[in-house]
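# Working through the structure, step by step
Given next are the chains, with one letter for each unit.
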Amino acid sequence: MPTLPPAMLPLLAPFAPCFSRPVWPHALVLLAGALLAPGRRTVAAALRAMGLAQDRRFARYHRVLSRARWSGLAVGRTLLELLVAAFARDGPLLIGLDETVERRRGAKIAAKGIYRDAVRSSHAHVVKASGLRWVCLMLLVPVPWAGRSWALPFLTALAPSERYDREHGRRHKSLTDWAGQLLLVARRWWPDRPIVAVADATYAALEFLARCRALPNPVTVVTRLRLDAALYEPAPPRRPHQIGRPRLKGRRLPTLAATAADPQTAWAPVTVPNWYGRGERAVEVATGTAVWYHSGLPPVPLRWVLIRDPAGAFDPQALLCTDQTATPAQVLGWFVQRWQLEVTFEEARRHLGVETQRQWSDLAIRRTTPALLGLFSLVTLLAHPRMAAAGRVRRAAWYPKPLPTFADALALVRRQLWEQVAFCTSAREGDMVEVPRAAVDRLTEALCYAA
């Protein structure tokens, strides 16, 4: 069986207890094959990349995904511990929360549904796609050698369609239900560190926000807020001997749309260091605290932040933060990192073959996509020691790239694998020969950046 480079084994060793002794070697082969395969990320493509196309016991590798007993939660927890140790040793854990649709068709894909494809839709044109919907948690951390923050996936869950839950007699969970459950898992893994969850407007739901605040150690949520949201003052204190149930809210406040249009509103300048990856951006903000309330739903105290551009490049918009002590600069700095989640989804599709896998069993489907997304984080960890020392950036005359990207990190890991003698090719199939370093370099240059 092919072996991995010795330098990679210490980083992968913490994952070994998550698997049984017979399954672990086969999982390593699939891992290396998924890294080396240039096209589809099927089990067959991984075996071909590893030189095991003639292995008659190929079914053992399929069983790693479809039958073997191992816990994706245990793997996700180990991955998060490694990411925190490498990139986030102190400060709050900034977690990005988002969902993505994996386009899949076929009668055997039982959990699929028809969803809006956010990647291909716009405000004027809606595109719907048949596929699987995944809710993903990513650790948002600055990567020193990349010069910016990356979103590193560590926990992904399948959110089945309503039809699938109805046919299987299960209560259907909404996206906010799944998000609250995943954040609860992350909080149990890290009970002491502050956690800040950054999400889009889908998760600006009172039930979800109240659930995150009700935890013993609350999770702070930062997301968008509607300009017409019903905001109120805090409930006044109860008078002595007052009867009746306690009040949930105080006097109604003006809407944020009215506050933005009011000439008496005090705006303060704020400079955001990295505005959606485009460098510094000067904006003006107005802020305050309020209680967001809707009849029949729990009230949520929050800090609202109104944002406007002095140059008028975008319309005023609002953010909310469930931590009322946070400053507007902190809220903005956290929220603008959310765009990295979309970058990670795109990179995973382009370089790691998400949407090209062809598993049909329910268990294999639930494992493969989270594994490929987690592979994004694992590649970052594997490349981190060598890239930090002397990062190699592939440039072209039409692409003056100053800093490494994920493609460079993946190329570095692939080069490390190809330099291993066991992964070098020979003229006669089945033989292992030493290939000169120059030949390895030429082979790596041709294959490392293959999509």
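Up top you'll find the structure we're talking about.
This is a predicted model, so every value here is computed, not measured. (Residues numbered from 1 in each chain as written. Predicted model: local features only at pLDDT ≥ 70, side-chain atom pairs only at ≥ 80, totals over all residues. Heavy atoms only, no water.)

Working definition of a disulfide: a covalent bond connecting the sulfur atoms of two cysteines. Within the structure shown, the criterion is met by zero disulfides. As a non-bridged cysteine, Cys 136 has Cys 212 as the owner of its nearest cysteine sulfur, 16 Å distant. Judged by relative accessible area, which is 1%, Cys 136 ranks as buried. (Disulfide = S-S within 2.5 Å. Buried < 20%, exposed > 50% of the residue type's maximum accessible area, 1.4 Å probe, protein only.)

What follows is about the packing of helix H7 (residues 175-189) against helix H8 (residues 206-213). For the pair H7 and H8, interaxial distance at closest approach is 9 Å and the crossing angle is 10°. On the basis of the axis angle, H7 is roughly parallel to H8. The handedness of the crossing between H7 and H8 comes out as right-handed. Together, Thr 176, Asp 177, Ala 179, Gly 180, Gln 181, Leu 183 and Leu 184 of H7 and Phe 208, Arg 211 and Cys 212 of H8 make up the contact between the two elements. (Axes fitted to C-alpha atoms, helices over the stretch in contact; angles between N-to-C directions. Helix = DSSP H or I, 4+ residues; strand = E, 2+ residues; numbered from the N terminus. Parallel < 35°, antiparallel > 145°, perpendicular 65-115°, else oblique. Left-handed = near helix turned anticlockwise from the far one by under 90°. Contact = heavy atoms within 4.5 Å.)

Below, the discussion takes up the pairing of strand S11 (residues 317-321). Burial analysis of S11 places five of its five residues in the buried class, the great majority of the element. Burial along S11 is two-sided: the residues Gln 317, Leu 319 and Cys 321 and Ala 318 and Leu 320 are all buried. Here strand S6 (residues 220-224) runs beside S11; their pairing, made up of three bridges, is antiparallel. Looking across to S11, one finds that Thr 223 is bridged to Leu 320. (Pairing = 2+ DSSP bridges.)

Attention now goes to the pattern of salt bridges. Taken as a whole and judged by the stated rule, the model has 15 salt bridges. Measuring nitrogen to oxygen at the nearest pair gives 3.0 Å for the salt bridge that ties Glu 355 to Arg 103. Residue Glu 355 is found in the loop between helix H11 (339-351) and helix H12 (362-390), and its partner Arg 103 is found in strand S1 (residues 93-103); the two are separated by 252 residues along the sequence. Arg 338 serves as the salt-bridge partner of Glu 342, at 3.9 Å between the closest nitrogen and oxygen. By relative accessible area, which is 37% here, Glu 342 ends up partly exposed. Residue class for Arg 338 comes out buried when judged on its relative accessible area of 15%. Each of Asp 98, Arg 338 and Glu 342 takes part in one network of salt bridges that share partners. (Salt bridge = Lys/Arg side-chain N within 4 Å of Asp/Glu carboxyl O.)

Looking now at the environment of Pro 385. Structurally, Pro 385 can be placed in helix H12. The exposure class of Pro 385 is exposed, given its relative accessible area of 54%. In this structure the C-alpha to C-alpha distance between Pro 385 and Pro 153, which are 232 residues apart in sequence, comes to 19 Å.

Right, let's talk about helix H2 (residues 23-36) for a bit. Taking 1.5 Å per residue as the helical rise, H2 with its 14 residues ought to reach 20 Å, and the 20 Å between its terminal C-alpha atoms agrees with that figure. Counting buried positions along H2 yields 13 of 14 residues, so the element is predominantly enclosed. (Expected span 1.5 Å × (residues − 1).)

Attention now goes to the packing of aromatic side chains. Per the counting criterion, the structure on display carries ten aromatic pairs. Considering the side-chain rings of Tyr 232 and Tyr 293, the 6.2 Å spacing of their centres and the 80° angle between planes classify their relative orientation as edge-to-face. Placement of the pair is Tyr 232 in strand S7 (residues 231-232) and Tyr 293 in the loop between strand S9 (281-292) and strand S10 (300-308), with a sequence separation of 61 residues. As far as the burial class goes, Tyr 232 and Tyr 293 line up, both buried. With a centroid separation of 5.9 Å and 15° between ring planes, the pair formed by Trp 275 and Phe 314 is classed as stacked. Residue Trp 275 is found in the loop between strand S8 (268-272) and S9, and its partner Phe 314 is found in the loop between S10 and S11; the two are separated by 39 residues along the sequence. Take Trp 275: its relative accessible area is 9%, and that puts it in the buried class. A relative accessible area of 19% means that Phe 314 is categorised as buried. Positioned above the aromatic ring of Trp 360, the side-chain terminus of Arg 104 is 5.8 Å from the ring centre. Across the ring face of Trp 178, the terminal group of Lys 173 is positioned such that the distance to the ring centre comes to 4.6 Å. (Phe/Tyr/Trp six-rings, centres within 6.5 Å; stacked < 30°, edge-to-face > 60°. Lys NZ or Arg CZ within 6 Å of the ring centre and 35° of its normal.)

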